[in-house]
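# Observations on chain architecture
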Amino acid sequence: MTERDLDSDLAYLDYNATAPTRPEAVAATLDAMRTVGNASSTHRSGRDAALRVDVARRQVANLLNCSPGEIVFTSGATEANNLALRAAFSAGGALVTSTVEHPAVLETARALTSDAPESLILLSVDEDGLVDLDGLHLALAASSVAIVSLMAANNETGVLTDLAPIVKAAHAAGALVHTDATQMVGRLPIDLLESDVDLLSLSAHKFGGPQGVGALFVRRGISLPYRPLIFGGGQERGWRAGTLNVAGIAGAGAAAEASRRDLISDGTRIAQLRDSLERTLVEQVGDCRINGAIGQRLPGVTSITFHGAPADAVLAAMPDVAASEGSACAAGAPTPSHVLLGMGRSREEADSTVRLSLGYATTEHDVDRAVPSIVRAVRKVRKLLSVPIRFGA
Ligand code: PMP
C-alpha cells in the first residue's frame with residue numbers, strides 16, 4: 001500500500017480486483033527499468049536482464065514449490081488460461097470445466113469448442129459454490145476428456161476447490177488437469193510437488209506484483225501437442241514469443257517472494273479480519289446472506305447479498321469504500337453474476353450482492369472505517385426503495 005493510499009480516506013477492500021503493489025515489487029520493477037538490456041541479448045546488459053528474469057522465475061517457482069523451468073511468463077492469467085486450454089485441447093477430446101469459472105476460462109473454452117459444442121462439458125455447482133463431482137465422474141466415464149479445468153478459488157465468492165480427488169479421477173481417465181489459481185496464489189500455500197495438477201495459471205497483480213504479468217506452470221514431462229498463442233522469436237522455450245517484460249517480471253518475482261514470506265501469518269490475520277467484518281455486517285445490517293461454503297473459502301473474501309438493496313446503489317452510496325459488485329471483470333456489463341446464478345441465486349439476489357476482498361495490507365482500521373459506511377449505505381438504499389415514489393403534487 002502506498003503512503004498516498006494510507007493517507008487517503010478510502011478503505012480499499014477490492015483485493016480480488018487487484019492488490020496494491022508491494023513496495024518490494026515497485027523497487028524491483030523500477031530497478032530493472034533503470035537498467036538497459038534485452039534478456040535475449042548475449043552481451044553483459046542482456047545477461048543482466050536475463051539474470052533478473054532467472055531470479056524472478058526462481059521466486060515464482062518457490063512460491064508454488066515447483067521447478068523454475070516449469071514457469072512460462074505471460075501477460076497475465078488471461079493469457080495463461082488461453083495458452084493452457086488451447087494447448088491441452090488440441091490433443092483431441094472433450095474439455096471439462098465449470099459454470100462458475102472466470103471468463104478467461106469460460107470464453108476460451110467456448111471459443112475452442114465453437115465448431116464442436118458437444119466437446120464442451122460444463123459442470124454445475126451447488127448452492128455453496130462447490131463443483132459437482134458426480135458430474136465430473138460421469139463426464140470422465142462417458143467421453144474421452146483432454147482436459148479438466150477447474151479454478152482453485154473463485155474470484156467472486158472465494159470458494160476453494162478441493163483439487164486432489166479431481167486430479168486423481170482425471171488422471172485415471174487419461175485427462176490433464178488445469179487450474180486457474182489466480183485468486184489463490186500468494187494467499188494460501190500451494191505445493192506443486194505434493195499436488196499433481198498439470199497446468200496452473202497465475203497473475204502477479206493479485207498478490208502485489210505489477211498488472212500485465214502472469215505465468216503458466218507447465219509440469220515437466222506432461223505430454224502436450226504444444227501450441228503457442230504467440231509465434232515469433234521463440235522466447236520462453238517457444239511457449240510465448242516476444243521480448244520479455246523484464247521489469248514486470250522482476251516485480252512479479254519480488255511480490256512472489258514477499259507473499260511467500262508473509263503467507264502463513266497473513267492468512268490467519270486476514271481471515272480474522274474478514275470474519276469480524278462479516279459478523280458485524282450481519283449483526284448491524286440484518287436480512288443478508290453470505291455466499292459460498294463458509295468453511296472452504298479464501299481468507300480475505302466475502303460475498304454478501306444485502307436483500308432489498310441493489311449493489312450498484314450501495315456502492316454509489318459509499319464512495320469511501322472500494323468494493324465490487326460481482327467481479328470487476330464483469331463490471332459495467334448489465335448482466336448479473338454468472339457465478340451467483342450458477343449457485344442458484346435469483347437475478348435480484350445476484351444484483352444485490354457486494355464483494356469485499358481484503359489482503360496483505362488491510363488493517364483493522366480499514367475494516368473499522370468501512371463498516372459504518374457499508375451499514376449506512378445499505379440502510380439508505382433500503383429506505384429509499386421502500387418509499388413509494390409519488391409523481392405530481
Ligand atoms: N482468473 C481469475 C480467477 C481472475 O480473478 C482473474 C482476474 N480477475 C483472471 C483470471 C484474469 O487475470 P488477468 O486479468 O490479470 O489476466
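These numbers were taken from a predicted model, which means no experiment stands behind them. (Residues numbered from 1 in each chain as written. Predicted model: local features only at pLDDT ≥ 70, side-chain atom pairs only at ≥ 80, totals over all residues. Heavy atoms only, no water.)

### Quick look at the site of the ligand
The cut-off we apply is this: Here a residue counts as near a molecule or strand whenever at least one of its heavy atoms sits within 4 Å of it. Polar contacts, as counted here, are pairs of nitrogen or oxygen atoms within 3.5 Å of one another; within protein the pair requires one atom able to donate a hydrogen and one able to accept it, and residues that are adjacent in sequence qualify only if both atoms are side-chain atoms. Secondary structure is summarised from DSSP: a helix means a run of H or I of at least four residues, a strand means a run of E of at least two, and numbering begins at the N terminus for each. Throughout this entry, Asp, Glu, Lys and Arg are counted as charged residues, while Ala, Val, Leu, Ile, Met, Phe, Trp, Tyr, Cys and Pro are counted as nonpolar. The remaining residues, Gly among them, count as polar.
The immediate surroundings of the ligand are formed by 14 residues, with Thr-78, Asp-180, Gln-183, Ser-203 and His-205 found nearest. Between the ligand and Gln-183, the relevant distance is 2.8 Å, taken from an oxygen atom to a side-chain nitrogen or oxygen of the residue. With respect to the ligand, the side chain of His-205 contributes an N or O atom lying 2.8 Å from an oxygen atom. Broken down by element, the residue count for the shell around the ligand peaks at 3 residues, all from helix H4 (residues 77–89). Its residues assigned to classes, the shell around the ligand shows 3 nonpolar, 9 polar and 2 charged.

### Description of the packing of H4 against helix H5 (residues 103–112)
Cut-off, in case you're wondering: For helices, the axis comes from a line fit to the C-alpha atoms of the stretch in contact; other axes are also lines fit to C-alpha atoms, and the angle between any two N-to-C directions lies between 0 and 180 degrees. Crossing handedness is defined as follows: a turn of the near helix away from the far one that is anticlockwise and smaller than a right angle gives a left-handed crossing, while the clockwise case is right-handed. Residue contacts are counted whenever heavy atoms from the two residues lie within 4.5 Å of one another.
Between H4 and H5, whose axes approach to 9 Å, the crossing angle comes to 35 degrees. For the pair H4 and H5, the crossing hand works out as right-handed. Here H4 contributes Thr-78, Asn-81, Asn-82, Leu-85, Arg-86 and Phe-89 to the contact with H5, which in turn contributes Ala-104, Val-105, Thr-108, Ala-109 and Leu-112.

### Points about the pairing of strand S4 (residues 120–123)
This is how it is decided: Should DSSP find at least two bridges between two strands, the strands are taken to pair.
Taken together, the 4 bridges between strand S3 (residues 94–98) and S4 define a ladder with parallel strand orientation. The partner of Val-96 across the bridge, within S4, is Ile-121.

### Let's talk about the environment of Gly-233
Within the secondary structure, Gly-233 sits in the loop between strand S8 (214–218) and helix H8 (246–285). For Gly-233 and Ala-39, which are 194 residues apart along the polypeptide, the C-alpha to C-alpha distance reads 12 Å.

### Details of helix H12 (residues 364–386)
So the rule is basically this: For a helix, the expected span equals 1.5 Å multiplied by the residue count minus one. Note on classification: 1.4 Å probe, protein chains only; a residue is buried when its accessible area is under 20% of the maximum for its type, exposed when over 50%, partly exposed between these limits.
The first and last C-alpha atoms of H12 sit 33 Å apart over 23 residues, in line with the 33 Å expected at 1.5 Å per residue. Among all positions in H12, only Asp-366, Val-367, Ala-370, Val-371, Ser-373, Ile-374, Val-375, Ala-377, Val-378, Val-381 and Arg-382 are buried. The elements touched by buried residues of H12 are strand S1 (11–12), H8, strand S10 (301–306), helix H9 (311–316), strand S11 (321–322) and strand S13 (353–357).

### Topic: the sheet that holds strand S9 (residues 288–290)
Pairing is antiparallel across the open sheet formed by 4 strands, whose spatial order is S9-S10-S13-S12. At either end of the open sheet lies a strand with only one pairing partner, and these are S9 and strand S12 (324–325). Where S9 and S10 come together, 3 bridges link them in antiparallel fashion. Of the residues in S10, the one forming a bridge with Ile-290 is Ile-304.

### A short note on the domain arrangement of the protein
We count it as follows: Where each domain begins and ends follows an automated or database-derived domain assignment. What gets called buried area is simply the loss in accessible area from a 1.4 Å probe that two parts show on being joined, summed for both.
Examined at the domain level, the protein breaks down into domain 1 (3–21 + 264–385) and domain 2 (23–258). With centres defined by C-alpha atoms, the gap from domain 1 to domain 2 works out at 27 Å. On the domain 2 side, the residues contacting the 30 residues of domain 1 number 35 residues. Of the roughly 2,500 Å² buried at the junction of domain 1 and domain 2 (both faces included), carbon and sulfur atoms supply 55%.

### Structural notes on the side chain of Thr-108
You can see Thr-108 is positioned in helix H5. At 3.3 Å, the side chain of Thr-108 and the side chain of Asn-82 are in polar contact. Leaving out residues up to four positions away in the same chain, Thr-108 has contacts with Asn-81, Asn-82, Leu-85 and Pro-103.

### Structural notes on the packing of aromatic side chains
Note the cut-off: Centres within 6.5 Å make a pair out of two Phe, Tyr or Trp rings, where for Trp the six-membered ring is used; the pair is then stacked when the planes are under 30 degrees apart, edge-to-face when over 60, and tilted otherwise. Two conditions define a charge located above a ring, namely a distance within 6 Å from the ring centre to NZ of Lys or CZ of Arg, and an angle within 35 degrees of the ring normal.
Across all of its chains, the model carries 2 aromatic pairs by this definition. Where Tyr-15 meets Tyr-360, the ring centres are 6.1 Å apart and the plane angle is 85 degrees; that geometry is what we call edge-to-face. Of this pair, Tyr-15 sits in the loop between S1 and helix H2 (23–33) while Tyr-360 is found in the loop between S13 and H12, placing the two residues 345 residues apart along the sequence. For Tyr-360, a relative accessible area of 16% puts it in the buried group. Put simply, the rings of Tyr-12, Tyr-15 and Tyr-360 touch in pairs and so form one group of aromatic residues. Taking the ring centre of Tyr-360 as reference, the NZ or CZ of Arg-22 above it sits at 3.9 Å.

### Remarks on the nonpolar core
Within soluble globular proteins, side chains that are nonpolar generally end up buried alongside one another. For clarity, the threshold we go by: Take the buried residues of types Ala, Val, Leu, Ile, Met, Phe, Trp, Tyr and Cys, join any two whose side-chain atoms come within 4.5 Å, and each joined set is a nonpolar core.
In this structure, Leu-64, Ile-71, Val-148, Val-185 and Leu-200 are the most contacted members of the largest nonpolar core, which totals 64 residues. No other element matches the 8 residues that H8 contributes to this core. Of the residues that make up this core, three or more belong to each of domain 1 (3–21 + 264–385) and domain 2 (23–258). When residues no more than four places from it in sequence are discounted, the contact partners of Val-185 are Leu-63, Leu-64, Ile-190, Leu-200, Leu-202 and Phe-207. With 29 residues, the next largest nonpolar core counts Cys-288, Phe-306, Val-314 and Ala-377 among its residues.

### As for the sheet that holds strand S5 (residues 145–149)
As summarised here, the arrangement of the 7 strands in space is S2-S8-S7-S6-S5-S3-S4, forming an open sheet in which the pairing is mixed. Looking at strand neighbours, the two that pair on one side only are strand S2 (71–74) and S4, the edges of this open sheet. On average, adjacent strands in this sheet sit at an angle of 20 degrees to one another, irrespective of strand direction.

### A closer look at a nonpolar patch on the surface
What counts, and what does not: Within the patch definition used here, like charges are joined within 9 Å and nonpolar side chains (Val, Leu, Ile, Met, Phe, Trp, Tyr) within 5 Å, considering only residues with over 30% relative accessible area and no salt bridge. Throughout, the Shrake-Rupley method with a 1.4 Å probe supplies accessible areas, and for residues the shown protein chains are the sole cover considered. In the sections that follow, a salt bridge refers to a side-chain nitrogen of Lys or Arg positioned within 4 Å of a carboxyl oxygen of Asp or Glu.
Nonpolar side chains collect at one region of the surface, where Val-26, Leu-30 and Met-33 lie side by side and expose about 270 Å² of accessible area between them. Within the secondary structure, Met-33 is located in helix H2. Exposure remark for Met-33: the relative accessible area of 59% places this residue in the exposed category.

### So, unusual backbone geometry
The backbone of Asn-65 shows a phi angle near 55 degrees, a positive value even though the residue is not glycine. By secondary structure assignment, the location of Asn-65 is in the loop between helix H3 (44–64) and S2.

### Focus: the pairing of S8
The element S8 is extensively covered by neighbouring structure, given that 5 of its 5 residues are classed as buried. The alternating pattern of S8 places Gly-214, Leu-216 and Val-218 on one face and Ala-215 and Phe-217 on the opposite face, and all of these are buried. Where S2 meets S8, 4 bridges bridge the pair, whose relative direction is antiparallel. Across the sheet, residue Val-72 finds its bridge partner in S8, namely Leu-216.

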